[in-house]
Amino acid sequence: MAERQGLPALHITLAIAIMAVWGSNFTVIKLGLAHLPPLTFALLRFVFVAFPLIFFLPRPKVSWGNLAAYGLLIGAGQFGLLFTAMRADITPGIASLILQMQVFFTIGLSMWLTAERLAKAQVIALLLASTGLAIILAHTDGSATLLGLGLCITAAFSWGCGNIVARNAVRADPALNMLAYVVWAAIFAAPPLLVFALVLEGPQAMLSGIAAADAATWGAVAWQSVGNTMFGYAAWGWLLGKHPAAQVAPMALMVPVFGLATSALALGEPVQGWKIAAFALVMSGLALGMLFPLIRQRFAR
């Protein structure tokens, strides 16, 4: 069998652009939270993801239950928790790193569903990432609180669950339009976010935040809806449709690199030695966890 060709230069450039958008998104979230309460911000994100595109994109050929599960997990779960954590309990750079723990949750959930056992390399990967998390937890300079870490790890778990739901959708419809899938799932993300915002933030805080929002805040909302979701997910889905996932998925390791760099440059987030050490450990664990199946597959040939 001939070896698969790597990604063309133009496709690599597109993948890097997606990672830059997703990584810088954490800084954009922080800017939006200057005026908007977190759950209100998340609500606006998914409202503008769904409308008006839902009137132009046909509903994907997957069950309503699948769409609802994805919308709840990604909307109320991943982004509701992430935005709440980033209000005051974790910096954008650290949040971009912790959220990539979804790689372990996705792998773990997949193995649990298939009854596959952890390999030694995957145990080492978990230990590396856990050591990095312990270093972050041991430092109390305001980069992350225990609450912030807990919310971000739970958000990563919700993202991992959402990945499994999306994978089942793709298996049900291999020609699935990922942009249409994200848009239609957003109608299930908005209602719970609205309820949570009304109960936890209150109508007055929601209206006051929207009234106080300036051009930068609305730009952050647009970046969330158009750049991060519509461009990011559509282009990522297109790349996954053109190339084997094994060639595309490891590119996601660049998200924390862009996340930390953007936060340091735009917000002045300090990059101390301990943060670099924690970053290296978590990234090493993520890389090993993500690349191990590829290495095992290559040597099994």
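Note that this is a predicted model, so its numbers are computed, not measured.

**Some thoughts on the packing of aromatic side chains**
Ring pairs (aromatic) are described by centroid distance and by the angle formed between their planes.
Then, in step 1: For the structure on display, the rule yields nine aromatic pairs.
Then, in step 2: Taking the centre distance of 6.1 Å and the plane angle of 65 degrees together, the rings of W64 and W184 count as edge-to-face. On the criterion of sequence distance, the pair formed by W64 in helix α3 (residues 64-88) and W184 in helix α8 (residues 178-201) is long-range, its members being 120 residues apart.
Then, in step 3: In this structure W64 comes out as partly exposed when scored by relative accessible area, which is 44%.
Then, in step 4: In this structure an aromatic cluster arises from ring pairing among F41, F46, F79 and F83.
Then, in step 5: Here the guanidinium or amino end of R45 rests over the ring plane of F79, the centre of that ring lying 3.7 Å away.
Then, in step 6: The ring of W64 carries the charged tip of R59 above its face, separated from the ring centre by 4.3 Å.

**Things to note about the pattern of salt bridges**
Then, in step 1: Summed over the entire model, instances satisfying the criterion amount to one salt bridge.
Then, in step 2: Taking the shortest distance from any N to any O, the salt bridge between E269 and K275 comes out at 3.1 Å.
Then, in step 3: Relative accessible area serves as the criterion here: at 2%, K275 is assigned to the buried category.

**Points about the packing of helix α2 (residues 38-50) against α8**
Between two packed helices, what matters for the description is the angle formed by their axes and the separation of those axes.
Then, in step 1: Remark: α2 packs on α8, axes separated minimally by 8 Å, with the N-to-C direction vectors making an angle of 155 degrees. Compared by their axis directions, α2 and α8 come out roughly antiparallel. By crossing handedness, the relation of α2 to α8 is classed as left-handed. Counting all contacts with α2, which are made through P38, L39, T40, A42, L43, F46, V47, V49 and A50, the residues of α8 involved are V182, V183, A186, I187, A189, A190, L193, L194, F196, A197, L200 and E201.
Then, in step 2: When its residues are assigned to classes, the contact of α2 with α8 shows 19 nonpolar, one polar and one charged.

**Examining the environment of G232**
Then, in step 1: Within the secondary structure, G232 is located in helix α10 (residues 215-242).
Then, in step 2: Residues G232 and V195, spaced 37 residues apart in sequence, show a C-alpha to C-alpha distance of 27 Å.

Conventions and cut-offs
Residues numbered from 1 in each chain as written. Predicted model: local features only at pLDDT ≥ 70, side-chain atom pairs only at ≥ 80, totals over all residues. Heavy atoms only, no water. Phe/Tyr/Trp six-rings, centres within 6.5 Å; stacked < 30°, edge-to-face > 60°. Helix = DSSP H or I, 4+ residues; strand = E, 2+ residues; numbered from the N terminus. Buried < 20%, exposed > 50% of the residue type's maximum accessible area, 1.4 Å probe, protein only. Lys NZ or Arg CZ within 6 Å of the ring centre and 35° of its normal. Salt bridge = Lys/Arg side-chain N within 4 Å of Asp/Glu carboxyl O. Axes fitted to C-alpha atoms, helices over the stretch in contact; angles between N-to-C directions. Parallel < 35°, antiparallel > 145°, perpendicular 65-115°, else oblique. Left-handed = near helix turned anticlockwise from the far one by under 90°. Contact = heavy atoms within 4.5 Å. Nonpolar A, V, L, I, M, F, W, Y, C, P; charged D, E, K, R; others polar.

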